[in-house]
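Here are the chains, one letter per residue:
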Amino acid sequence: MATAQEKTTPCCATGTNKPSSSVPPQQQQRPSVATFIPAIDSPPKTASAKGITVMVRAQTSHPLDPLSAAEISVAVATVRAAGATPEVRDGMRFIEVDLVEPEKQVVALADAYFFPPFQPSLLPRTKGGPVIPTKLPLRKARLVVYNKKSNETSIWIVELREVHAATRGGHHRGKVVSSTVVPDVQPPMDAVEYAECEAVVKDFPPFREAMKKRGIEDMDLVMVDPWCAGYHSEADAPSRRLAKPLIFCRTESDCPMENGYARPVEGIHVLVDMQNMVVLEFEDRKLVPLPPADPLRNYTSGETRGGVDRSDVKPLQIIQPEGPSFRVNGRFIEWQKWNFRIGFTPREGLVIHSVAYIDGSRGRRPVAHRLSFVEMVVPYGDPNDPHYRKNAFDAGEDGLGKNAHSLKKGCDCLGYIKYFDAHVTNFYGGVETIENCVCLHEEDHGILWKHQDWRTGLAEVRRSRRLTVSFICTVANYEYGFFWHFYQDGKIEAEVKLTGILSLGALQPGETRKYGTTIAPGLYAPVHQHFFVARMDMAVDCKPGEAFNQVVEVNVKIEEPGDNNVHNNAFYAEEKLLKSELEAMRDCDPLSARHWIVRNTRTVNRTGHLTGYKLVPGSNCLPLAGSEAKFLRRAAFLKHSLWVTPYAPDEMHPGGEFPNQNPRVGEGLATWVKQNRSLEEADIVLWYVFGVTHIPRLEDWPVMPVERIGFMLMPHGFFNCSPAIDVPPNPGDLDDKESNGLPAKPNQNGLIAKL
């Protein structure tokens, strides 16, 4: 991923990532730099004043930077060249090409000595100073490859030895480190497959005849949305690559903004072999008339639908005449004592790395290693066909990052914007760039803190602003916006915004459905839920290599009546240490104000208590489907709001890496926690599952206004006093006096103030 304004082609340094075999016993707990990164070249002769050997030339690609377009091309060319036969090479289709994220100690080395702002404090001190290698380890790419001819899925690891700005004619300088065939799985679907599937279904004679019965002969009006088959019985086993499309039909072929989702085609069953692109099963089960053309169906501006747009909205300008308060160096962001790195993957989309807070004399204080949304599941509550099988795994079956938008200033984002591009592979191995994919900007957020002394009438107020990093993706009919907000008082907010178009069903004349809302004649919206999984690799006050975190659950308890509660008004907060993985399978409980605190077991604040960050749930829900629902075989992680595991580099996807057509029960998170590993002092990973139950309203048609859900990570005994007092009053704030009717004008700070 490169910035939109400055697109560069990183060069990879050469090196090795093998740990040293000779580790002194006294260094095993906190290894030196030389332990995990042996010197690759002869150490340079220059040294710093403190005796620490320094590098001889700068590195141009941080170990956590997403793969560049050139690196993706090299990785694809390397794998393709490694195919055993021309047939194998010809059948290769590239699902994902992603960075192999290095060990945390490698990242610490890069941040300490190779990349600004140069933070040697990240590494443990060793006697005589560490020996710093002249180059970082080689970057690696991980490729998920589907072979269309053999129906095999394989995972390749490629070492990127040399990367050129352009890769031509198969020229490459990568090295295959490993290649593994993964049996009995189906990888995510690709947009190319979706387009091919739509064409195949439209050309199928029985389908054309079924549409003719419904009064449709123009196939250009027909929309075929290929949904993954899921897993409902052995017929859905991953030995075949399957899709069960949903059918919709527009009314006007010459209207590019026509809302085709307004006319679902019910009663047609189609099963498509996505490997060979043939229709395996077709049945016209029930003739349901197409819903009439609702004049309100389209989501374009009012004038295009025979109405008018609002004319009383005056311009609202957000200006920063002196520029933004954040600083960007490549993908390293600094803002209001926060610093972190921006990453991106085809599956998760936006990733936040190495989150830390600069706290005065205490210096850099880590909060989290890695933050991202790793999965989402959308199960529908209508038992009728085809809605019972709608339970999309939008990350694992499609990819949130691959479906991301190019954002537009003034529409998706306002103010002074810093955009970042993203590079992903297409089905055939070519590189596609999503321009302006990730948005970084500041937002005013009202009052941070205020108090007025009633005796003197004097008031103190602090204005709040936040730094927002976000991206938006479209999966079929729905849009999802994923946001990470950083606040001046040390809070981090994770937020998901849901919008787009409802997935609908058709009704017989006079029919209503118990499991949905009638929103137009012959049209209803089924009830459904949206679940999201945030994976948070925490590091509260922990340097790389340290595992000094634990998780405490806090519940508010009512004091029993008696000597300690003679007035029956007493309640208190009770803490419980979650000692193991099985003990840490927890649910939200708003009646007890339940929340969880990640604490450092070795660091205390000025009151002598352990420092920590707490996870505060927002609105939430659990699956409303029965315990034997088929989709819960693949989504056992939805059964609890919180899961906690010790960090393991291969534990990334809560439903397993390949949930598409997955017949295995409880794969992923629900299986990992059966090890019941200790959490009393560990490198903690939080998995927070949060969701919303959507009972559609008439007002959700034809567009569904944004609905917001999320949670907070808040400092809890982390700071010795509130960071809010360090935020100066904003000299450009409007005063509290009433306007005297004179026009406003910019003050010396470029902000608008009343005269």
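Not measured: the values here are computed from a predicted model.

## Here's the deal with the overall build of the protein chain
Okay, so step 1: Along the backbone of the protein chain there are 9 helices and 34 strands.
Okay, so step 2: Counting the 755 residues in the protein chain, one finds 54% classified as buried.
Okay, so step 3: At a minimum sequence separation of 6, the contacts of the protein chain that also span at least 24 residues come to 67%.
Okay, so step 4: Looking at the protein chain as shown, the accessible area adds up to about 33,800 Å², and 52% of this sits on carbon and sulfur atoms.

## Overview of a nonpolar patch on the surface
Okay, so step 1: Side chains of Met257, Tyr299 and Val703 sit close together on the surface and give an oily, nonpolar patch of about 240 Å² of accessible area.
Okay, so step 2: Here Val703 is to be found in the loop between strand E31 (684-694) and strand E32 (704-715).

## Quick notes on the pattern of salt bridges
Okay, so step 1: Counted by the stated rule, this structure contains 45 salt bridges.
Okay, so step 2: Asp537 is paired through a salt bridge with Lys104; the nearest N and O atoms lie 3.0 Å apart. With Asp537 in strand E25 (residues 528-538) and Lys104 in helix H4 (residues 104-114), this residue pair connects regions lying 433 residues apart in the sequence. Both residues of the pair, Asp537 and Lys104, belong to the buried class.
Okay, so step 3: Between Arg697 and Asp700 there is a salt bridge; the shortest N-O distance is 2.8 Å.
Okay, so step 4: The network of salt bridges with common partners includes Glu553, Arg586, Asp589 and Arg594.

## A few points about helix H5 (residues 191-202)
Okay, so step 1: Taking 1.5 Å of rise per residue, the 12 residues of H5 would be expected to cover 16 Å, and the 17 Å separating its terminal C-alpha atoms lies within 8% of that figure.
Okay, so step 2: Here the buried face of H5 lies against helix H6 (205-213), strand E5 (222-225), strand E9 (268-273) and helix H7 (394-398).
Okay, so step 3: The N-terminus of H5 is capped by Asp190, whose side-chain oxygen sits 2.9 Å from the backbone nitrogen of Val192.

## Quick look at the pairing of strand E30 (residues 642-646)
Okay, so step 1: Counting buried residues in E30 gives 5 out of 5 residues, a clear majority hidden from the surface.
Okay, so step 2: Summarising the sheet, E30 and E31 pair through 5 bridges and their orientation is antiparallel. Each bridged residue has a counterpart across the sheet, and for Leu642 the counterpart in E31 is Tyr688.

## A closer look at the nonpolar core
Okay, so step 1: Residues Val355, Phe482, Trp484, Phe486, Met536, Leu686 and Phe711 are the most contacted members of the largest nonpolar core, which totals 84 residues.
Okay, so step 2: In terms of residues, this core owes the most to one element, strand E15 (residues 364-379), which gives 6 residues.
Okay, so step 3: Each residue touching Phe711, except ones within four places of it in the same chain, is listed here: Trp484, Ile492, Glu493, Ala494, Ala534, Met536, Leu615, Val616, Pro617, Gly618, Tyr688 and Phe690.
Okay, so step 4: Counting residues in hydrophobic clusters, the runner-up holds 24 residues, among them Met211, Val224, Cys228 and Leu290.

## Thoughts on unusual backbone geometry
Okay, so step 1: A cis geometry characterises the amide bond from Pro116 onward to Pro117, with omega recorded as 10°.
Okay, so step 2: The residue Pro117 is located in the loop between H4 and strand E2 (140-147) in this model.
Okay, so step 3: Residue Asp385 is joined to Pro386 through a cis peptide bond whose omega torsion reads 5°.
Okay, so step 4: Relative to the helices and strands, Pro386 resides in the loop between E15 and strand E16 (391-393).
Okay, so step 5: With a phi close to 60°, Asp184 is a non-glycine residue in the positive phi region.
Okay, so step 6: You can see Asp184 is positioned in the loop between strand E4 (174-182) and H5.
Okay, so step 7: The class of Asp184 is exposed, set by a relative accessible area of 54%.
Okay, so step 8: For Lys337, which is not a glycine, the phi torsion comes out positive at approximately 75°.
Okay, so step 9: As for its position among the elements, Lys337 is in the loop between strand E12 (332-335) and strand E13 (338-345).

## Regarding the sheet that holds strand E3 (residues 152-160)
Consider a sheet: its strands pair through backbone hydrogen bonds, and that pairing is either parallel or antiparallel.
Okay, so step 1: Taken together, 4 strands build an open sheet; the order of strands is E1-E2-E3-E4 and the sheet is antiparallel. A strand with exactly one partner marks an edge of an open sheet, and here the two such strands are strand E1 (92-99) and E4. The mean angle between the axes of side-by-side strands here comes to 20°, regardless of whether they run parallel or antiparallel.
Okay, so step 2: The sheet strands contacting helix H2 (residues 69-81) are E1, E2, E3 and E4, and the helix crosses E1 at an angle near 135°.

## Quick word on the packing of aromatic side chains
Okay, so step 1: Summed over all chains, the structure comprises 25 aromatic pairs.
Okay, so step 2: Ring geometry for Phe471 versus Phe482: centroids 5.3 Å apart, planes at 15°, classification stacked. In this pair, Phe471 is assigned in strand E19 (residues 459-475) and Phe482 in strand E20 (residues 478-487), connecting sequence segments 11 residues apart. Neither residue differs from the other here; Phe471 and Phe482 are each classed as buried.
Okay, so step 3: Both rings, one in Tyr480 and one in Phe532, keep their centres 5.9 Å apart while their planes meet at 70°; by these two values the pair is edge-to-face. Pair noted here: Tyr480 is in strand E20 and Phe532 is in strand E25, with a separation of 52 residues, a long-range link. Phe532 carries the same exposure label as Tyr480, and that label is buried.
Okay, so step 4: Feature note: the residues Phe344, Phe373, Phe471, Tyr478, Tyr480, Phe482, Trp484, Phe532, Tyr688, Phe690 and Phe711 constitute an aromatic cluster, connected by ring pairs.
Okay, so step 5: A cation over a ring is seen here: Arg365 above Phe718, with NZ or CZ 3.8 Å from the ring centre.

## Comments concerning the sheet that holds strand E26 (residues 549-558)
Okay, so step 1: One open sheet accounts for 10 strands, arranged E17-E18-E19-E20-E21-E32-E29-E28-E26-E27; its pairing is antiparallel. The open sheet is flanked by strand E17 (418-425) and strand E27 (571-577), the only strands paired with a single partner. Neighbouring strand axes in the sheet, compared pairwise and without regard to direction, differ in orientation by 25° on average.
Okay, so step 2: Of the pairings in the sheet, the one linking E26 to E27 comprises 7 bridges and is antiparallel in character. Of the residues in E27, the one forming a bridge with Lys557 is Tyr572.

## What about the side chain of Arg364?
Okay, so step 1: Position of Arg364 among the secondary structure elements: in strand E15.
Okay, so step 2: This buried residue, Arg364, is left without a salt bridge; Asp111 holds the nearest opposite charge, at 5.2 Å.
Okay, so step 3: At a separation of 2.8 Å, a polar atom in the side chain of Arg364 contacts the side chain of Gln119.
Okay, so step 4: The residues contacting Arg364, other than those within four sequence positions of it, are Gln119, Leu122, Asn339, Ser354, Ala356, Tyr357 and Ile358.

## Describing the environment of Asp489
Okay, so step 1: Here Asp489 lies in the loop between E20 and strand E21 (492-500).
Okay, so step 2: Separated by 41 residues in the primary sequence, Asp489 and Leu448 place their C-alpha atoms 8.2 Å from one another.
Okay, so step 3: Not counting residues up to four positions away in its chain, the partners in contact with Asp489 are Leu448, Pro715, Phe719 and Pro723.
Okay, so step 4: Polar contacts involving the side chain of Asp489 include one to the side chain of Lys491, which spans 2.7 Å.

## Things to note about the environment of Thr134
Okay, so step 1: Its location among the elements puts Thr134 in the loop between H4 and E2.
Okay, so step 2: For the pair Thr134 and Phe114, spaced 20 residues apart in sequence, the C-alpha separation works out to 9.3 Å.

## Here we look at the state of the cysteines
A covalent bond between the sulfur atoms of two cysteines is referred to as a disulfide.
Okay, so step 1: According to the stated counting rule, one finds 0 disulfides in the structure shown.
Okay, so step 2: Sulfur of Cys588: no disulfide; nearest cysteine sulfur belongs to Cys621 and is 9.6 Å away.

Cut-off values and rules
- Residues numbered from 1 in each chain as written.
- Predicted model: local features only at pLDDT ≥ 70, side-chain atom pairs only at ≥ 80, totals over all residues.
- Heavy atoms only, no water.
- Helix = DSSP H or I, 4+ residues; strand = E, 2+ residues; numbered from the N terminus.
- Buried < 20%, exposed > 50% of the residue type's maximum accessible area, 1.4 Å probe, protein only.
- Contact = heavy atoms within 4.5 Å.
- Areas by Shrake-Rupley, 256 points an atom, 1.4 Å probe, with all protein chains shown as cover.
- Patch = residues over 30% accessible without salt bridge, like charges linked within 9 Å, V, L, I, M, F, W, Y side chains within 5 Å.
- Salt bridge = Lys/Arg side-chain N within 4 Å of Asp/Glu carboxyl O.
- Expected span 1.5 Å × (residues − 1).
- Polar contact = N/O pair within 3.5 Å; in protein donor to acceptor, adjacent residues only side chain to side chain.
- Pairing = 2+ DSSP bridges.
- Core = buried A, V, L, I, M, F, W, Y, C linked by side-chain atoms within 4.5 Å.
- Axes fitted to C-alpha atoms, helices over the stretch in contact; angles between N-to-C directions.
- Phe/Tyr/Trp six-rings, centres within 6.5 Å; stacked < 30°, edge-to-face > 60°.
- Lys NZ or Arg CZ within 6 Å of the ring centre and 35° of its normal.
- Lys, Arg positive; Asp, Glu negative; His and termini not counted.
- Disulfide = S-S within 2.5 Å.

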